[in-house]
Amino acid sequence: MATLQLKKLTSVWIITILVLFVLAIVFGILMRFNQGNAIHLSPVGFYSMMTIHGLTMIGIWFVAGMAAVNFLLQRYIKVSAGINVFALVLTVIGVVMLWLVTFVGEFHTGWTFLYPLPFRGAWKEWATPLFLLALGVLGIGWFVWSAGMLFQIFRKYRPAQAFAWQHLRKGSPEIETPPFILISTVTLIGIITCLVAAVLLLVLYFAEYFSSGSFVNDALLMKNLTFFFGHTLANEMLYLGLASLYELFPEVSGRPKFKMTWYVALAWNCTMVFILTAFFHHMYMDFVQPFAFQVIGQMASYFASVPAAAVTAFSVLAVVIKNPIRWSLTNTLFFVGVTGWLIGGVGAVIDATISNNFVLHNTLWVPAHFHTYNAIGNVLFSLAFFNWAANEFGGKGHTDKFTRLKMTLLIIGGSGFVIMFYIGGAYSVPRRFNVYPQEFSSLSILASAGALFACLYLAVIVWFLVNTVNKCLKVFSAA
Amino acid sequence: MFKSIFCGLSIFCLGAVARAQGPGYVFSEEDKIYQKVADVNIAYDGEVRSLSGLYSQGPVVIALIYTRCSGVCNPFLLQVKENMLVADSDERSRVLVVSFDPRDGSGEMRRLAIRYGLDNDGGWIFATTPQISELINSVGFNPVWDSVRAQFDHEALLVGINDEGFITRKLTGLRDFNAFTSLLRSIRNEFILSYPLPNENMVFSCFSYNPETGKNQPGTGLLLLLLPALLSLVVVFVLSRRHDRKPRF
Amino acid sequence: MDDKHTFTLVLFFLLTVGIVAVFLYAYLSSLPSSSAKGGLTNPKKKRFLLFFILMEAVIILFTLTLPRSPYFFFANSTPSKVVFVAARQFSFAMSYQTIAPDTQAPAKAIELPRGKPVEFRVTSFDVNHGFAIYDMSGNLIAQTQAMPGYINRLRWVFDSPGEYNILCLEYCGMAHAFMRTSFNVK
């Protein structure tokens, strides 16, 4: 099925992502230690790190999901290897540009780069245009990649089939849509949409940059566009991870494949629509946003996440409960990932409720919930795919005698790390502070504790990296 | 060379942003907001009454003018009249036209009312007050006598007073209909959560506030928010046109 | 650390424990891969029930919380005091009068009455900032965003006297953590 070329490409993706992941975790740990007063970074150093930490994490786990979906799509349709290479090259160029911008150019707007901050900071003058350019490079690469895959899906499945609409009707349909195809289609469309939003955002930024002041942007519009792009992309990358879960979890557990049902079809179609307006919850505290949008934001936040989460959780549980399961590192990662995703989702639903957001917005509650569904959710889905793929490439079986130890350390490290965020967030500690003012000094010890837990998490990741890279490199020697 | 171009451009842009945020919005409008208007005596229809007696019966819009004005007062009153006809069709608010010129008497005010065809309109009161300086101080209005031109140097000012006598909104200068209706809503104690500051250089404004409905209307910027979804629909459509009848795999 | 904040945390941890318990049970109930087929009986019916309960819970949560949104706070009262807030990198200017972009921030200390609604009119002269009010024990009690080009109005009633702190909660540059001011409630 998968060609050697695709295996090689996927190996390169996996190795790149894991190396960048380790570096980005190290930045994260340094930031938490700085907040706990254990080390002392300069404010510019801290915020440059914060910017590159966010950009890198969003970027790598997005491409991780994309690479996984690309690899697994090969089971159903033919996917262009050229486009994959194109995306890889542009991603590497984009990442190098971003690292230049942040560490040489001292660009530190945070990964959300809220307008007009990129025009108003103390960094090198070339950093802002280069930053916008880097986003453009990444955007083009990823747009072509997702459009290419979508194109191939539509060559085999009609849109209505790809959306599994035939399953919403009574009776069993002639052509069955695999859940993997449905989720991939829904997600790729979402990605295309948010990349279009990114293009608009960049056009508006450049228009202002080159207009010599005759064109000024509206801060509210720019904020809406920023989160249309940023929030939606962060959400879709989770769904990319889920696509590989639907495809691989039953398979590696030794259970029959997931079947498409009307619940699954309905839930994911729901997600496709609602995800496009869920980003409004970033603007709850901008009172100028029309009230209707705030209501839509809260509704969409609930209905984009809850049905898909419930369906997925139930499907996974139904596979596992009282069934014979071949547990391995791959499906344990998936299984724990679903748990982390749901817990993070609970935190997200609490924060996406306007009356709670009033006292949680931009506190540590925000990094608390998104680190939960990323660090012990989506990342684990992608790691599961990496592990599965590496074993496929490395040619050894799927057993790993250290599965329990690795998972235990990962869970302790990950949950210890996020618990410190949750406690801080509930007690109003602001996010994105490089050091904490006097009134939070008693809580800043939590930051150092969180960093220590993160070190444990990092240790497991490094261990995982060594194992996986070894196996992935075998693809090249096999040729 | 390249660097200096970028540098120059960015400095220029920053300057433009700063400038763009300055003018357009009259900051003195926020002065005296939610403070009580002075309870002065006002004379009209041959009687002297208190201002509190007037506003306790319902919200009032105060227009400050003088009859000998050769400048803004006439177009100003004309605009208020037209706006009231449209915006206050249910006649819930009254307009109190007060002269801030001590030379104006009840006769002058009566003639003014007749000139505008408002002499028999219950919603309009043309009055004078013996306590003019108290009134204009309490609403933050500063006309200056220019002895050369024999005119007051002043801006047009509308003051919205709710039924408790609090100043809820002020409008300086000749303003558009939207601003006028936002004043009417504020004196009826409707809370407007937020409003934009006008900016001439802003092409894609996200929402323009419509005081009539009390909602922010979609502006051109909002269309941009719909654009990604529409464009991706187009992308899906274009991509799906290439569907093969027979599966290729 | 008042009740509302603790409640949120406790609620979250209870739900977390519930989720973990379910998944732990599932994990422990799974059988060795060699054993005969067991499995959940009638999963479709159970799934529907779960789905139904969840959707009900979501709708109830929505209807309960929406009226408690900050947009409605004290909308029907006339504020006894108005405070104009202009945020800049990296300071807040607060005044009883409007603040024009080209003027310096007045140095007068702000004092607000207790038990009466006050209104903050918040804007920014450069980038996006946050305007978050913290009480004496360091709890976030109310916030809005300071966005250039817009004025956001936040109404609040302060029940206890003391010094309240304002922190910037929207990342605005390298001195973001040091951007703060305070006012007194008497």
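Use the structure listed above.
Residues take numbers from 1 onward in each chain, read along the sequence in its written order. Chain letters and ligand numbers both follow the written order, the letters beginning at A and the numbers at 1. It should be noted that, the model being predicted, local features are given only for residues of pLDDT at least 70 and side-chain atom pairs only at 80 or more, the latter also being counted only at that level, while totals for whole chains, interfaces and linings use all residues. Processing note: side-chain calculations cover all non-hydrogen atoms of the structure and skip hydrogens and water entirely.

(A) Expanded view of the overall build of chain B. On a plain count of helices and strands, chain B comes out with 7 helices and 12 strands. Out of the 249 residues in chain B, the part that is buried amounts to 50%. Note on contacts: a residue pair is in contact if any heavy atoms of the two residues lie within 4.5 Å. For chain B, the share of sequence-separated contacts (at least 6 apart) that also reach a separation of at least 24 residues comes to 66%. In short, Shrake-Rupley with a 1.4 Å probe defines the accessible areas, and a residue's cover is counted only from the protein chains shown. Of the accessible surface of chain B, which amounts to about 12400 Å², a share of 55% is contributed by carbon and sulfur atoms. For helices the rule is a DSSP run of H or I covering at least 4 residues; for strands it is a run of E covering at least 2, with both sets numbered from the N terminus onward. When a residue's accessible area, from a 1.4 Å probe over protein chains only, is under 20% of the maximum for its type it is buried; when over 50% it is exposed; and in between it is partly exposed.

(B) Structural detail: the interface of chain A and chain C. Listed per partner, the contact involves 88 residues of chain A and 84 residues of chain C. Buried area adds together the accessible area that both of two parts lose upon being put together, with accessible area traced by a 1.4 Å probe. Summed over both partners, the interface of chain A with chain C comes to about 7700 Å²; 72% of that surface belongs to carbon and sulfur atoms. When residues of chain A are sorted by the area they lose upon contact with chain C, F314(A), F358(A) and Y427(A) head the list and together hold 10% of the total. In this structure, E170(C) engages K223(A) in a salt bridge whose closest nitrogen and oxygen atoms are separated by 3.8 Å. Throughout this description, a polar contact denotes any pair of N or O atoms lying within 3.5 Å of each other; where both atoms belong to protein, one of them has to be capable of donating a hydrogen while the other can accept it, and for residues adjacent in sequence the pair is counted only when both atoms sit in side chains. Connecting chain A to chain C are 26 residue pairs in polar contact (both at pLDDT 80 or more). For the side of chain A that touches chain C, the element with the highest residue contribution is helix α9 (residues 291-320) of chain A, accounting for 17 residues. Taken together, the residues of the side of chain A that touches chain C sort by class into 59 nonpolar, 18 polar and 11 charged. Here, a strand pair is defined by DSSP locating no fewer than two bridges between the strands. Here 2 bridges tie strand β1 (residues 324-325) of chain A to strand β1 (residues 31-32) of chain C, and the two strands are oriented parallel to one another. The working definition used for a salt bridge is a side-chain nitrogen of Lys or Arg within 4 Å of a carboxyl oxygen of Asp or Glu. Throughout this entry, Asp, Glu, Lys and Arg are counted as charged residues, while Ala, Val, Leu, Ile, Met, Phe, Trp, Tyr, Cys and Pro are counted as nonpolar. The remaining residues, Gly among them, count as polar.

(C) Broad picture of empty space enclosed by the protein. Only protein atoms enter the 1 Å grid, on which a cavity is a set of points fitting a 1.4 Å probe that cannot get out and a pocket is an open set with protein on both sides within 12 Å along at least 5 of 7 lines, lining residues being those with an atom within 4 Å of a point. Grid points are joined across faces, edges and corners, and a volume is the space filled by probe spheres set on the points. Inspection of every chain in the model, using the stated rule, returns 11 cavities of 30 Å³ or more. Size it by volume and the largest cavity reaches roughly 170 Å³. Counting only elements with at least two residues in the lining of the largest cavity, the list comes to β9 (167-172) of chain B together with β8 (150-157) of chain C. A per-class count over the lining of the largest cavity returns 6 nonpolar, 7 polar and 5 charged.

(D) Looking closely at the state of the cysteines. We call a pair of cysteine sulfur atoms a disulfide when they lie within 2.5 Å. On inspection of all chains with the given rule, the structure shows 0 disulfides over all chains. Unpaired in terms of disulfides, C73(B) finds its nearest cysteine sulfur in C69(B), a separation of 3.4 Å.

(E) Representation of the side chain of Q74(A) within the structure. Topologically, Q74(A) is positioned in the loop between α2 (43-73) and α3 (81-104). A distance of 3.5 Å separates a polar side-chain atom of Q74(A) from the backbone nitrogen of V79(A).

(F) Quick peek at the packing of aromatic side chains. Only centres within 6.5 Å qualify two rings of Phe, Tyr or Trp (six-membered ring in Trp) as a pair; their planes then separate them into stacked at under 30 degrees, edge-to-face at over 60, and tilted for everything else. Tallied over the entire structure, the rule returns 71 aromatic pairs over all chains. Here F71(A) and F393(A) contribute two aromatic rings whose centre-to-centre distance is 5.7 Å and whose plane-to-plane angle is 70°, an arrangement assigned as edge-to-face. In this pair, F71(A) is assigned in helix α2 and F393(A) in helix α12 (residues 365-394), connecting sequence segments 322 residues apart. Like F71(A), the residue F393(A) is buried in the burial classification. On the numbers, 5.9 Å between centres and 45° between planes, the contact of F358(A) with W156(C) is tilted. Taken together, the residues F358(A) in helix α11 (residues 354-360) and W156(C) in strand β8 connect one chain to another. Aromatic ring contacts, followed pair by pair, group F107(A), F113(A), Y115(A), F119(A), W123(A), F131(A), Y205(A), F206(A), Y209(A) and F210(A) into a single cluster. When the ring centre of W463(A) is taken as origin, the NZ or CZ atom of K406(A), which lies over that ring, is 5.0 Å away. Geometrically, a lysine NZ or arginine CZ counts as sitting over a ring once it is within 6 Å of the ring centre and also within 35 degrees of the ring normal.

(G) Expanded view of unusual backbone geometry. That bond from Y115(A) to P116(A) is cis: its omega, -5°, falls within 30 degrees of zero. Mapped onto the elements, P116(A) comes out in the loop between α3 and α4 (127-156). Omega for the bond connecting Q89(C) with F90(C) falls within 30 degrees of zero, at 0°, which places this linkage in the cis form. With a phi angle near 60°, R432(A) is a residue other than glycine that sits in the positive phi range. Inspection of the secondary structure puts R432(A) in the loop between α13 (403-426) and α14 (441-478). Since its relative accessible area comes to 11%, R432(A) is described here as buried.

(H) Seen up close, the environment of Q145(C). Inspection of the secondary structure puts Q145(C) in strand β7 (residues 140-146). Owing to a relative accessible area of 0%, Q145(C) belongs among the buried residues under this scheme. Along the sequence, Q145(C) and V122(C) sit 23 residues apart, while their C-alpha atoms lie 7.5 Å from each other. Beyond its immediate chain neighbours, meaning those up to four positions away, Q145(C) contacts K223(A), M285(A), D286(A), H361(A), N362(A), V122(C), H129(C), G130(C), N152(C) and E170(C). Looking at Q145(C), its side chain comes within polar contact range of the side chain of K223(A), at 2.7 Å.

(I) Structural detail: the sheet that holds β9(B). Residues and elements named next belong to chain B. The strand order across the open sheet built from 5 strands is β5-β4-β3-β8-β9, with neighbouring strands paired in mixed fashion. If you trace the sheet from one side to the other, it starts and ends with β5 (124-127) and β9, each paired once. Taken over all neighbouring pairs, the strand axes of this sheet differ in orientation by 20° on average, direction set aside. Taken together, the 6 bridges between strand β3 (residues 60-65) and strand β4 (residues 94-99) define a ladder with parallel strand orientation. For A63, the partnering residue across the bridge sits in β4 and is V97. To obtain each axis, a line is fitted to C-alpha atoms, and for helices this fit is confined to the stretch in contact; angles are then taken between N-to-C directions over 0 to 180 degrees. On the sheet, helix α6 (residues 177-187) packs against β3, β8 (157-161) and β9 and is oriented at approximately 165° with respect to β9.

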